[in-house]
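# Residue-level structure breakdown
Here are the chains, one letter per residue:
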Amino acid sequence: MLLYTILGLLIHLVFFASIFDIYFTSPLVHGMTPQFTPLPPPAKRLVLFVADGLRADKLYELDENGNTRAPFIRNIIMHEGSWGISHTRVPTESRPGHVALIAGFYEDVSAVAKGWKENPVEFDSLINETRHTWCWGSPDILAMFAKGASGNHVFAHNYDAYSEDFGAQDATKLDTWVFDNVKEFFHAARNNQSLFSKLNEDKIVFFLHLLGIDTNGHAHRPSSREYLNNIKIVDEGLKEIVSTLKDFYGNDGKTAFIFTADHGMTDWGSHGAGHPLETCTPFVTWGAGIKYPQKVLAQKFDDTYLQEWKLENWKRQDVNQADVAPLMAALIGVPFPLNSVGTLPVDILNSTDLFKAESMFTNAVQILEQFKVKMALKKEATLPFLFTPFNSLSDSKQINILRKARSYIKQKKYDEAVSLCKELINLALKGLSYYHTYDRFFLAFNVVLGFVGWTSYASLLIIKSHCNLTRGVSKEVKKPSHLLSCSFIAVGVLLALFLLIQACPWTYYIYCLLPLPVWYAVLREFPVIQGLVTLLLTFPPSHFVGYLLLFILGVEVLVLSFFYRYMLTAGLIAFAGWPFITPLWTRAKSTSLSWIFFCLLLAVFPLMPVVGRKPNIFLVVGAGLLVLLLSLFVVTSVLKRKDSLVSEELVLHLLQMLSTVLSICVVYGTHNSLLKKQGLPLINQVVSWIILASSFVMPLLSPLILFDRLFSILVSSMSTYLLLSTGYEALFPLVLSCLMFVWIHMEQETLPQSVVFCKQKVSSIQFTYNTDITQFRDLYLDDIRRAFFLVFFLMTAFFGTGNIASINSFDLASVYCFLTVFSPYMMGALMMWKILIPFALVMCAFEAVQLTTQLSSKSLFLMVINISDIMALHFFFLIKDYGSWLDIGISISHYVIVMSMTIFLVFLNGLAQMLTTKKLKLCGRPKSHLT
């Protein structure tokens with residue numbers, strides 16, 4: 001079992017990692033020449049305000065009284081500058097958003113995973129190109145650009161990381177800190193000649209990162225009084241800063257201002273995915289080089305925002321988030337960031353037509369430089385007869401477009417030059433995408449080949465272990481051919497040489513060579529394949545087709561549950577009817593009724609709103625009280641027993657009940673404290689961490705009797721789960737566990753008459769350390785159903801309380817009993833454990849099912865992995881790199897989730913075995929296990 005586990009884990013880790021080479025590789029290339037507009041810029045300095053987490057609608061809309069929340073910004077829109085929506089891309093997180101704004105490119109997801117505070121990849125940015133830059137705000141964001149810049153021209157002023165507290169009394173202090181420090185900075189500069197001189201140079205940037213709105217959005221939701229009031233405070237702060245700069249520079253008209261956001265936020269206070277509320281951020285710009293407001297009679301957009309915001313008569317100019325970087329570079333006359341893929345929004349510029357045309361030409365050359373480097377790199381790494389260039393932008397076409405654009409500028413045909421440069425930019429961007437995804441089909445083909453090979457091999461292992469299909473095969477046929485191994489070795493050598501010549505990354509060798517040993521192992525089992533085909537031919541075709549269609553339908557329901565949660569409800573209702581089509585209804589009526597009841601009760605959860613959108617602390621308390629009621633019932637039954645272990649069990653149950661009571665008190669107390677804006681009480685925080693730590697130990701103290709151990713695991717897990725709950729989801733593990741208890745009984749009742757003689761009562765079965773009973777009995781069709789049931793219950797555990805296929809479904813309020821100060825990794829780990837608790841409960845029940853049905857754990861586990869792999873392969877083919885960013889993000893996240901689940905299954909299987917078979921003794925006696 002260990003060998004198969006390690007092999008399966010390695011293969012699935014490779015399959016999981018492949019997605020990052022196929023879809024998440026870094027788009028960055030190096031070696032380009034800096035490009036800048038060869039004309040005097042309209043501005044000497046630029047001020048960039050980024051209101052973290054600010055939604056466009058909350059800024060632009062009027063309140064219930066018809067008044068604006070941001071009078072200063074509204075006045076800018078109507079009298080001084082240009083406005084619109086900045087459209088962001090997934091993932092809508094702070095780091096990628098700021099990189100897009102300041103560096104002009106959309107950072108790949110793998111770079112985000114490598115580091116939050118540091119620069120995991122080298123890239124050029126606007127800040128790197130400036131003469132001097134001063135930044136104020138969060139240490140998480142400022143460190144990215146300060147540490148990534150060359151030279152010592154970036155000066156970062158940030159508050160302490162502990163200030164980012166979601167439970168703080170007033171998160172607006174994060175923004176007022178920035179405004180106060182900026183005002184103090186300019187006041188001090190008047191008495192500091194060196195600083196005063198620097199501030200009066202050209203090509204300088206002031207970057208103000210405002211985190212208060214995002215913090216209030218996470219803590220209180222975007223519709224809250226705190227979030228909306230924070231917008232007013234930011235608006236007032238902007239007015240003061242603009243006044244301070246005008247006063248400092250004598251209103252010289254050489255300052256450009258840009259106000260925008262890195263991402264938006266959902267109604268339930270999260271972000272990360274591609275919902276319009278997350279991708280639509282405000283964009284307001286004014287000052288030097290920016291057009292004044294333009295009144296229009298009508299505007300055509302796909303949305304109804306203009307009418308809702310009462311701005312239909314002021315021209316709206318939308319931009320992509322990456323377009324802001326070239327705009328800022330053009331305004332102050334610095335080179336465009338080398339890795340920028342943004343297109344300069346020339347319609348916003350208030351400058352001469354010559355300046356617009358020259359700036360657009362510079363933008364086109366800068367992006368074309370990236371295309372040339374990308375093409376050269378791919379050409380060098382590909383055999384000449386295999387290289388297929390991007391024909392839409394050949395060398396001759398590049399030269400012709402550039403020559404023609406330069407000619408238009410000389411002839412003062414500026415509009416034609418701008419149009420031609422835009423065409424060149426679009427072609428260059430398509431070419432960049434073409435070479436970036438050049439190897440995608442080749443890699444995908446090898447991954448699919450590995451997938452199919454592994455699934456086939458795992459299926460053959462199951463069949464070989466439990467079905468004697470090789471009896472009629474002669475010994476000569478059974479021996480693997482020497483030619484077979486030589487052929488695979490030859491193919492492997494040729495493939496390795498091919499990859500070596502092309503100077504491919506080392507990961508390519510793994511993806512291409514891994515399928516070879518897997519398929520070799522499959523073909524070595526040719527006698528089993530031959531026996532299987534012979535067996536299938538004896539099956540009535542109608543039965544075979546019927547079972548196949550039923551299996552396909554089951555897998556499709558699992559796949560559809562990723563898109564539509566109500567498919568889980570449909571599946572659970574179908575499960576409720578299972579006893580009626582089997583002898584179970586007549587054999588075990590009371591158990592069948594319990595099964596039907598809990599299936600229908602669990603079926604309600606996928607129909608509920610996603611967790612976090614409607615928090616209800618009273619449901620959490622109610623769930624805790626139900627756990628206490630169940631515990632009291634168990635304690636009563638323990639007291640009725642007369643054996644030597646009663647006292648030890650009683651102490652354990654009372655400790656677990658105490659843990660549950662403390663969880664209820666901490667949840668209720670923390671909720672009230674945060675409502676009063678008094679922060680997280682230290683005692684609550686300490687108790688929460690103690691309960692979490694004890695939840696791993698408590699189950700190991702309980703007896704190894706099947707239901708005693710499972711109940712102990714449930715109560716310990718519930719103590720932690722209550723602390724991580726915000727609403728109805730607190731009831732979910734309780735109902736799920738009840739169904740799991742009934743499932744164990746149901747599965748024992750399904751055992752055929754041939755194994756009834758050795759069937760034990762469930763109440764007397766004990767978990768043992770060595771549960772793998774190799775070849776204890778042959779496989780039945782019911783075993784495939786059991787494996788399917790497990791996968792379905794795992795899907796229910798995953799999606800039952802919310803579709804977490806999107807990053808925005810994570811609710812930070814879940815971890816407020818443990819910490820409120822922003823810590824992405826710690827918060828992520830706690831939320832991950834919340835997800836894993838229902839998983840662990842299902843896997844522990846599965847351990848019990850393996851015992852009661854007397855089947856090898858290896859075989860059942862391989863069947864489960866196979867079903868998961870078929871789903872993963874399904875999602876692999878559904879991955880998109882076209883269409884809306886929401887569709888692209890969801891398609892990739894589905895594959896990542898199902899592959900993660902498959903890998904987690906290996907660890908969860910080990911965790912379930914530890915929780916069910918290990919035994920600790922009280923009073924310091926040594927750890928032991930039953931043999």
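Residues numbered from 1 in each chain as written. Predicted model: local features only at pLDDT ≥ 70, side-chain atom pairs only at ≥ 80, totals over all residues. Heavy atoms only, no water.

The protein chain appears in an unreviewed UniProt entry as GPI ethanolamine phosphate transferase 1 from Tursiops truncatus. The UniProt entry for the protein chain carries the following comment under Pathway (unreviewed entry): "Glycolipid biosynthesis; glycosylphosphatidylinositol-anchor biosynthesis." Under the heading Subcellular location (unreviewed entry), UniProt records this for the protein chain: "Endoplasmic reticulum membrane". (UniProt positions renumbered as here; feature names shortened; annotations may be inferred.)

### Looking at the overall build of the protein chain
Secondary structure summary: the protein chain contains 36 helices and ten strands in total. Taken across its 931 residues, the protein chain has 57% of its residues classed as buried. The contacts in the protein chain between residues at least 6 apart in sequence include a share of 79% that link residues at least 24 apart. Surface exposure of the protein chain reaches about 39,000 Å², of which carbon and sulfur atoms provide 63%. (Helix = DSSP H or I, 4+ residues; strand = E, 2+ residues; numbered from the N terminus. Buried < 20%, exposed > 50% of the residue type's maximum accessible area, 1.4 Å probe, protein only. Contact = heavy atoms within 4.5 Å. Areas by Shrake-Rupley, 256 points an atom, 1.4 Å probe, with all protein chains shown as cover.)

### Observations regarding the side chain of S719
On the secondary structure map, S719 appears in helix α31 (residues 706–723). Overall, the relative accessible area of 2% leaves S719 in the buried class.

### Focus: the pattern of salt bridges
Counting across every chain of the model gives 24 salt bridges. Across the salt bridge formed by R55 and D57, the nearest N and O atoms sit 2.9 Å from each other. One exposure class covers both R55 and D57, and it is buried. Across the salt bridge formed by D318 and R316, the nearest N and O atoms sit 2.9 Å from each other. We classify R316 as buried; its relative accessible area is 4%. Salt bridges sharing partners connect three or more residues here, namely E747, D782, D783, R785 and R786. (Salt bridge = Lys/Arg side-chain N within 4 Å of Asp/Glu carboxyl O.)

### Quick word on the environment of W519
When you line up the elements, W519 lands in helix α22 (residues 515–524). In sequence terms W519 and F488 are 31 residues apart; their C-alpha atoms lie 9.0 Å from each other.

### What about the packing of helix α25 (residues 566–576) against helix α27 (residues 589–602)?
Close contact between α25 and α27 brings their axes to 8 Å; oriented N to C, the two are set at 170°. When the axis of α25 is compared with that of α27, the two are roughly antiparallel. On α27, the residues touching L572, I573, F575 and A576 of α25 are W595, I596, C599, L600 and L602. (Axes fitted to C-alpha atoms, helices over the stretch in contact; angles between N-to-C directions. Parallel < 35°, antiparallel > 145°, perpendicular 65-115°, else oblique.)

### Let's talk about the pairing of strand β6 (residues 255–260)
Burial analysis of β6 places six of its six residues in the buried class, the great majority of the element. Alternating residues of β6 divide into T255, F257 and F259 and A256, I258 and T260, and every residue in both groups is buried. As judged from the six bridges shared by strand β1 (residues 45–51) and β6, these two strands associate in the parallel manner. Counterpart to F49 in the pairing with β6 is F259. As paired strands, β6 and strand β7 (residues 280–287) are joined by five bridges and run antiparallel to one another. When the sheet's bridge partners are listed, A256 is paired in β7 with G287. (Pairing = 2+ DSSP bridges.)

### Overview of the confidence of the model for the protein chain
On average, residues of the protein chain score 86 in pLDDT, and 89% of them are at 70 or above. Low pLDDT (under 50) marks residues 111–120, which in the prediction has 27 contacts with non-local residues, meaning those over four places away or in another chain. For residues 472–477, every residue scores under 50 in pLDDT, and the model assigns this stretch five contacts once sequence neighbours within four places are set aside. (pLDDT = per-residue confidence, 0-100.)

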